[in-house]
Amino acid sequence: MKIKNGFPITIRIAAAAIGIALLTLPGMASAQTDAGRIFRAGASTSNITPAVGTSINGNFSDETVQHIHDETHVRCIVLDDGNTQLAIAVADLCMVSRATLDKAKRRASSITHIPVEHMLVSATHTHSGGTACSVFQSDPDPDYLRFLESRIADAVINAHNNLAPARIGWGMGSEAGQVFNRRWKMKPGEPLINPFGNTDKVKMNPGVGNPNLLEPAGPKDPGISVVSIQALDGTPVAILANYSLHYVGGVGKGEVSADYYGMFAGRMQQLLNADRQHNQFVAIMSNGTSGDVNNINFGAASSVSSPPYHQMQKVANIIAAEVYKVAQQIKYQNWVPLSVKQKQIELMVRKPDKTELTRAKTILSKVNKSVLTTTEALYARETVLINDYPNQVSLLLQSMRIGDLAITAIPCEVFAETGLEIKAKSPFKSTFTISLANGYNGYLPTPAQHQLGGYETWRARSSYLETEASVKITQSLFEMLDLLNKENNP
């Protein structure tokens, strides 16, 4: 018997003959719109836990993995509107290079046929994951990079394999109590001398209860963006959340952990009663615009120390509760259009002049240790390394559209004020930014923040883009968002 829009053809003809309008009962049309389009989604994870004895980055000095506290993963969703497929994957890494991600995308594309331009892969920014990018005194193990290429691709491939009719919706929550700007203007007094011998106007992580605190140097973004995917019967398939919190930390020495991102995933599974062994449910927390934000309230009168992992779990529980609340209010759609724009831009590198380079080499000539222990020596080494960088570098930017929701992707540690600007000026009803996406190009201070100085602006492999970089990046993103919006509203 042939079926059309939930009713046998013979019934539809008979009804038309006597002038009866057929109403589609709830669930009967499922994933079909009036045009008969079907929306599908799939989710998957893959394990990327580094081996004991390998490198952990996230600090000025390298650490060696001594113990696996909790496994690290890549978590992925694939969406399909019948014409376009998008993949969004988030890896429990501090950062990951574009070279590694490009290889992973090509492998995934060769099997799924999803265009590499339709894949967004980012790092969470856990500071207790395996090293996937050279930064400060940590360098990745080539074997681990090859492992990541395969496992990141596997997450995309398996999510694609799990594609099934689904419905999708999104919403916005807020949690202001777990994010604080970590850059502070200080009262006049003792000068803030940076590793280059110059004076800064702000200090990162100045200490809780510091009597010289004046005011935060920038805003914070308390918003929590939530994308929820369900099977047609309402069974949870995936949650993609986005929060502008750098990371939490508080781990044991040499211990691997996915930080609060992994704990959030586990807590969401509990709240939704989602047994992944049966329905492939995956919860994902992506890093928003948190380059100048962390979990420490420096304006408080005093601080209370917590046992390892205690604060991490607390934050995960609080954020998961808010995401759960938002998810209960989401109105799901059986079909939405998907689209993506990707653009490569060229930005200049802030390279040292001859005087700065000579100073750096002089400092290093007086160091007799293989492991650098002073910030002055550490940044002298970074100065020498940055001098060998090309004069300009390529960055990959993306803007994705899911119905009237937009997601922008930037390969940097983006400041909160930039994320807030994108949200405010986007032509879409809802927009959020995933940082550390499709590569790593260091911190992204605004030009005004560059004038203030501070750790996030100090020239190194962790911060080397030209001072106008944030302006040029947002301009490109707005152009892509406008193009996506015109597709939606021709």
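In this report, the structure presented in the accompanying data block is examined. Predicted, not measured: the structure shown is a model, and the values here were computed from it.

**Describing the packing of aromatic side chains**
Stage number 1. Per the counting criterion, the structure on display carries 11 aromatic pairs.
Stage number 2. Between phenylalanine 60 and tyrosine 379, the aromatic rings sit 6.4 Å apart at their centres with planes inclined by 80 degrees, giving edge-to-face as the arrangement. In this pair, phenylalanine 60 is assigned in the loop between strand E4 (55-56) and strand E5 (63-64) and tyrosine 379 in helix H8 (residues 375-387), connecting sequence segments 319 residues apart.
Stage number 3. Residue classification places phenylalanine 60 among the partly exposed positions, given a relative accessible area of 33%.

**Thoughts on the environment of valine 179**
Stage number 1. Mapped onto the elements, valine 179 comes out in the loop between strand E10 (164-174) and strand E11 (180-181).
Stage number 2. For valine 179, a relative accessible area of 0% puts it in the buried group.
Stage number 3. Those residues in contact with valine 179 that sit more than four places away from it in its chain are Lys220, Asp221, Pro222, Tyr243, Ser244, Leu245, Val293 and Asn294.

**Some thoughts on unusual backbone geometry**
Stage number 1. Phi is positive for histidine 125, close to 90 degrees, though the residue is something other than glycine.
Stage number 2. Take histidine 125: it is sitting in the loop between strand E9 (119-123) and helix H3 (142-161).
Stage number 3. For histidine 125, a relative accessible area of 2% puts it in the buried group.
Stage number 4. Positive phi, normally seen in glycine, also occurs at asparagine 273, with a value near 50 degrees.

**A look at the pairing of strand E26 (residues 430-434)**
The side chains of a regular strand alternate between both faces of the sheet.
Stage number 1. In terms of burial, E26 is a largely internal element, four of the five residues being buried.
Stage number 2. Relative to E26, strand E24 (residues 405-409) runs parallel, the two being bridged by five bridges. Looking at E26, one finds that threonine 408 is bridged to threonine 433.

**A short note on the pairing of strand E8 (residues 85-91)**
Stage number 1. Along E8, seven of the seven residues are buried, which leaves the element largely enclosed by surrounding structure.
Stage number 2. Burial along E8 is two-sided: Gln85, Ala87, Ala89 and Ala91 facing one way and Leu86, Ile88 and Val90 facing the other are all buried.
Stage number 3. The loop that links strand E7 (residues 73-80) with its antiparallel partner E8 comprises four residues; one of these, glycine 82, has a positive phi angle of about 100 degrees.
Stage number 4. Alignment of E8 against E9, held across five bridges, turns out to be parallel. From the neighbouring strand, valine 90 faces E9, where its bridge partner is serine 122.
Stage number 5. Following the chain from E8 across helix H2 (residues 98-112) to the adjacent parallel E9, one finds a crossover that is right-handed.

**What to know about the nonpolar core**
Stage number 1. In this structure, Leu93, Leu148 and Tyr379 are the most contacted members of the largest nonpolar core, which totals 42 residues.
Stage number 2. Only E7, E8, H2, E9, H3 and H8 provide two or more residues apiece to this core.
Stage number 3. It is H3 that provides the largest number of residues to this core, a total of nine residues.
Stage number 4. Those residues within four positions of leucine 93 in sequence are excluded, and the remaining contacts are Ile48, Ala123, Thr124, His125, Thr126, Gly130, Ala132, Tyr144 and Leu148.

Cut-off values and rules
- Residues numbered from 1 in each chain as written.
- Predicted model: local features only at pLDDT ≥ 70, side-chain atom pairs only at ≥ 80, totals over all residues.
- Heavy atoms only, no water.
- Phe/Tyr/Trp six-rings, centres within 6.5 Å; stacked < 30°, edge-to-face > 60°.
- Helix = DSSP H or I, 4+ residues; strand = E, 2+ residues; numbered from the N terminus.
- Buried < 20%, exposed > 50% of the residue type's maximum accessible area, 1.4 Å probe, protein only.
- Contact = heavy atoms within 4.5 Å.
- Pairing = 2+ DSSP bridges.
- Right-handed = clockwise from strand over helix to strand, strands pointing away.
- Core = buried A, V, L, I, M, F, W, Y, C linked by side-chain atoms within 4.5 Å.

Nothing here speaks to function; it is geometry throughout.
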